[in-house]
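Each chain is listed here by its residues.
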Amino acid sequence: MGSPWKPLLLLSIISGLAELARSVAGRPVSYAAVLRMKPDSSSSSLLRPRLRSRQDHSSFSQDWSPFSRQRLSALSSQEDYRSEESEEFGPVFIQEPDDAIFALDSEDKKVMMSCEARGNPAPTYSWLINGTDVDVEADFRYSLIDGNLIINNASEAIDFGKYQCRAENSIGAVLSREALLQFAYLGVFSTRARGGVSVREGQGVVLMCTPPPHSPEIIYSWVFNEFPSFVAEDSRRFISQETGNLYISKVQPSDVGSYICLVKNTVTNARVLSPPTPLTLKTDGVMGEYEPKIEVHFPPTVLAAKGVTVRLECFALGNPVPTITWRKINGNIPKKARLRKSQAVLEIPNIQLEDSGSYECKAENSRGGTAFRGHLQVYTMPQWISMINDSQLDSGEQLQWECRATGKPRPTYHWLRNGEPLTPQNRVEMLNGELIIHRVQQADSGMYQCVAENKYGAIYSSAELKILASAPMFNTNTVTIIATMGKDISLECRPRASPKPRITWKKGERRVQANRRIMLLRNNTLRIVNSSRADEGSYVCRAENQFGSAEMTTTLLVKEAMKVELSPKRVEVTVGESVVLSCKATHDPSLDVNFLWLLNNQPLNAQQDGGHFEYIRTQSSTADLMIRSILLKHAGKYGCRVQTSADTVLAEAELLVRGPPGPPGVVIVEEITDTTATLSWSHGVDNHSPITTYNLQARSPFSLGWQTVKTDPEPVTGDMESAMAVELNPWVEYEFRVVATNSIGTGDPSAPSRAVRTKEAVPSVAPANVSGGNGRRHELVISWEPVSEEFQNGEGFGYIVAFRANGTRGWKEKMVTSADSTTYKYRDETFPPLTPFEVKVGVYNNKGDGPFSKVVTVFSAEGEPREAPTEVKVSAMSSSEIKVTWKAPSPGPGRPEGYEVSYWKDMEQEESGKKKRTVGNETVILLSGLDGNTAYLITVKGFNSIGQGPPGASVRATTKKNPPSQPPSNVMWIQEGNNVSLSWDPVKAMENESDVIGYKVLLRQEGRGHSQVMRTPNSAAVLVLPEGGTYIIEVRAVSEGGEGAASSQIRVLTSSGVRAKSGQLSVHSLPSNLAWTPLLLVLMVPSAPW
């Protein structure tokens, strides 16, 4: 037979899973087209812990004042952990109803107001409309789905109003915030025709809209003559979104027409048009100028909620068209404000309290002005500063809750208990958000709400009050305590009970009486001072209240005190050495002992320090700690904590580690000159070895990292905290650091100093590698290597270029202001080419002139060549080549570095020709790629780096006729071994081709680029082929015009190391239509008999 509780357990699990599913599932889809006016601020509270503040609105900072903290009685001090599912608690809202607007023309006539709460037991729900209970059972139009209220066939007359959700379980009830349900609709204009409006030209006019019934706000616009031609607003025309009227400050003939008011519902987007209003002009004259008259303005008092956008309207009629200006009385208009619609609207976004005040709009034209002034007041709904929290109290204690909220106007407070108003009574006091209940009773348990409200809204803070009542109960009824002689002992007695129980102690059968050594503390703990073996025994704590009693027995054992010795007590080692610390405990043999090593009061983890530490347990009462390859970080206070069930003893030893010094303190640049910097620093740790010297280092943009600098004094000893860095470069930005050294080694450097720049000084480094030459005629070009920025020594750096002709006295000096310059050019028409000059280059900056370089000799430029080459001769080498030779001009200034040959056809312009330059000073060149049998004109001129010289007279040359275009034909060959006899038909040149003077036979081995050439005047030739391989043979005709076309290629195969037999003969010929397919005729001559 199964256990009777198993079905109950199964049902409980199923119920819990269903509750969880409901709490995390998506919320039901709305039954109506409802526009949410406020965000859901409670969705984040779905999984809140049980004891979290029960606030169901926007989040605010918690006030943990003494009056709002959760008070826990003795019952909860030793309370076992209980899951939230098993603990009963009152309703907490997860979702509260939001303001909503329901469109009356919606196809779905249902409205849903949402509400959801969590609690244990699960809450039940009911609703109020305008403070009256909604009877879901009696009115078929209402229904509840979970906590959501469904309204069928909703109507404005019955269902408009403020709704509240009530969630209730056995713990108590809470009310949600109020949610306003409104209805959106837009009626139609009256169909009655509107009368026309007739005014004079220049007169102002107001066209009335008179909108139909509607809810909520609507947007106005006007149509001119026909849809969709809308009236454009400007400084002369304005549509008020408050009245809906169209205002024209000064009517013009173009305004004549029909005007229709169009209104649009902001929720449903429905639009309706009014009947047209005709506007005509009177014919009895034009309206004269008149002063402005404000026709539309904002109310005298404007109320606005904090954070919204405020629009203040102001528009006037007048002739000329008035200008609108705005100002804030006794203040400035907020910077965030914007002027719209030709300044007729002042728009202030995100309105704040400081934006309150009096605002004035002024309309002016040439005829006068008028103004309107109104007051803007900003209000705020209540917002929590501090809220109430769940509390658990014992019967008879005092409850004190306080809630605080801000708002404008200042909020008032009232309290609810289980959803009903709480009134002051004998034990209940309420004042300014504070609730006090004296001597709480079980009947006071329930759900409480503090409500803060002003005329613009109300907010709710909820909390549960739990009154505790139970008989005393201990977590365990027996406890054993082992203590050591001479120590103080505390025997605790902490039962769970409400109200607080009466406590008595007994040892054996005798009641414990307080004396000099035995004290009963206020928390019911029995304290024994300077314990001895006589104190051993059983102690009974008895707790009793009106609901019952309970006892707990504590057995006390007193042992000898443990002694611990850690050696050595103090040890000094050097970095890299090893040491062993030994810890020995003397204790009662009946007790187990545990060891724990500490470093600087923190537990030591040997596995996380790279194998430097090793624990060694030699005996049950002895433990050693070995420290290998000691580092500086291992220095400190080591502790050996030994623990038994009776007591814990700590012994300590000090480990000093000698090592290189630590980094010195902050480096300060005390004084800076052009080449020195006085530095100061503070001593770093010496790591138990005195500092012997300091090393000063510097870094600049020009150095490769940190460099040691010279100092004064030299060396800097370990007792010094100041020194001077010397031999620095002027006008260079430096950082400095200091490194300390002791007998162990050199430590880490200090942090860098702030970057400082040395003072300016006269430059001390002259330019290097001064030279020159080249340039154009009459130019002296001087060049040098620029001085690095590191040695410029100050701002305004530049160069002084000094030069003089050899044999003269005075120097000419020229300033070059660019620090990056590398050349200077001086031009003088009077000095001849290659004139020698003495040259030197100096430096300067804003502080003065620096040194000059050594004097060097630089020659002025030669100039371009002056004379043309002579004895130019040309000869045609072929149909495409002409050889040109010449004689170089006589030596002198303007020596050519090469020659340029220009050539062009006789019938063309020189500009269309081509140019070819020689390599170096060669005086011969071969022109190729020319046209055959064509006359060319040729000139030659010299050139150098300066320019080109004059050309000589042009020379005429004619290329030879083109070579024969027909290749040798009917090529035949006879191969006998390695001998090949060739023959072919002679080639006959055409009339426009050069005559044949011979033939060229080309032989090359297949796969190689090199060819052997054989020339013959006849149409036959004999070739001897090397042994082995395949050979390619072709024949070309040769003429004065060059080589003709090649014959078809012949492939001949010879055997490696084997000669063809003398009796074997091959005769071959090439048909004209085959290039690579030989026609072989092999005559087989009988050989000698076998």
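Residues numbered from 1 in each chain as written. Predicted model: local features only at pLDDT ≥ 70, side-chain atom pairs only at ≥ 80, totals over all residues. Heavy atoms only, no water.

Scanning the protein chain from N- to C-terminus turns up 3 helices and 92 strands. The buried share of the protein chain, taken over its 1090 residues, is 44%. Taking the intrachain contacts of the protein chain between residues at least 6 apart in sequence as the baseline, contacts between residues at least 24 apart amount to 66%. Surface accessibility of the protein chain: about 57,100 Å² in total, with carbon and sulfur atoms responsible for 51%. (Helix = DSSP H or I, 4+ residues; strand = E, 2+ residues; numbered from the N terminus. Buried < 20%, exposed > 50% of the residue type's maximum accessible area, 1.4 Å probe, protein only. Contact = heavy atoms within 4.5 Å. Areas by Shrake-Rupley, 256 points an atom, 1.4 Å probe, with all protein chains shown as cover.)

A separate point is the confidence of the model for the protein chain. Looking at the protein chain, the pLDDT average stands at 84 and 88% of residues meet or exceed 70. This stretch, residues 1057-1066, has a pLDDT under 50; its non-local contacts, to residues over four places away or in other chains, come to 16 contacts. pLDDT under 50 marks residues 1071-1090. Its contacts with residues more than four places away, or in other chains, come to 18 contacts. (pLDDT = per-residue confidence, 0-100.)

Secondary-structure assignment places Asp-828 in the loop between β72 (823-827) and β73 (836-845). Salt bridges are absent for the buried Asp-828, whose nearest opposite-charge side chain, Lys-812, sits at 4.3 Å. Among the polar contacts listed, one links the side chain of Asp-828 to the side chain of Thr-830, at a separation of 2.7 Å. Those residues in contact with Asp-828, other than ones at most four positions away along the chain, are His-778 and Lys-812. (Lys, Arg positive; Asp, Glu negative; His and termini not counted. Salt bridge = Lys/Arg side-chain N within 4 Å of Asp/Glu carboxyl O. Polar contact = N/O pair within 3.5 Å; in protein donor to acceptor, adjacent residues only side chain to side chain.)

This part covers the sheet that holds strand β9 (residues 142-145). The 3 strands lie next to each other as β5-β10-β9, forming an open sheet whose pairing is antiparallel. Two strands bound the open sheet, and with one partner strand each, they are β5 (110-113) and β9. Across the sheet, the mean angle from the axis of one strand to that of its neighbour is 25°, orientation sign disregarded. Of the pairings in the sheet, the one linking β5 to strand β10 (residues 148-152) comprises 4 bridges and is antiparallel in character. Residue Lys-110 lies in a different strand from β10, and its bridge partner there is Asn-152. (Pairing = 2+ DSSP bridges. Axes fitted to C-alpha atoms, helices over the stretch in contact; angles between N-to-C directions.)

A separate point is the sheet that holds strand β37 (residues 434-437). If you walk across this open sheet you meet the 3 strands as β32-β37-β36, and the pairing is antiparallel. Strands with a single pairing partner mark the edges of an open sheet, and in this sheet they are β32 (399-402) and β36 (428-431). Between one strand axis and the next, the sheet turns through 10° on average, direction left out of account.

This part takes up the side chain of Glu-360. Take Glu-360: it is sitting in strand β29 (residues 357-365). A distance of 3.0 Å separates polar atoms of two side chains, one belonging to Glu-360 and the other to Arg-373. The contact partners of Glu-360, leaving out residues within four places of it in the chain, are Thr-325, Trp-326, Arg-327, Ile-329, Ala-371, Phe-372 and Arg-373.

Let's shift gears to the pattern of salt bridges. Counted under the stated rule, the structure contains 40 salt bridges. Note that Asp-234 is salt-bridged to Arg-237, the shortest N-O span being 3.1 Å. With relative accessibility at 26%, the residue Asp-234 sits in the partly exposed group. As a salt-bridge pair, Glu-727 and Lys-710 come within 3.5 Å of each other at their nearest N and O atoms. With Glu-727 in the loop between β65 (722-725) and β66 (733-742) and Lys-710 in the loop between β62 (707-708) and β63 (711-712), the pair connects residues that are 17 residues apart, well separated along the chain. Here the salt bridges do not stand alone but share partners, grouping Arg-311, Glu-313, Arg-340 and Glu-347 into one network.

If you walk through the whole model with that rule in mind, you get 20 aromatic pairs. Ring geometry for Phe-298 versus Phe-372: centroids 5.2 Å apart, planes at 80°, classification edge-to-face. Of the two residues, Phe-298 is situated in the loop between β23 (290-297) and β24 (301-305) and Phe-372 in strand β30 (residues 368-386); the sequence distance between them amounts to 74 residues. Judged by its relative accessible area of 15%, Phe-372 is buried. Residues Phe-803 and Tyr-824 carry aromatic rings whose centres are separated by 6.4 Å and whose planes lie at 35° to one another, so their mutual orientation is tilted. Of this pair, Phe-803 sits in strand β70 (residues 798-805) while Tyr-824 sits in strand β72, and the two are 21 residues apart along the sequence. Here Phe-803 matches Tyr-824 in class, with each residue buried. Put simply, the rings of Phe-803, Tyr-824, Tyr-826, Phe-831 and Phe-837 pair up and form one aromatic cluster. In this structure, Arg-141 is placed above the aromatic ring of Tyr-142, and the distance from its NZ or CZ to the ring centre is 5.1 Å. (Phe/Tyr/Trp six-rings, centres within 6.5 Å; stacked < 30°, edge-to-face > 60°. Lys NZ or Arg CZ within 6 Å of the ring centre and 35° of its normal.)

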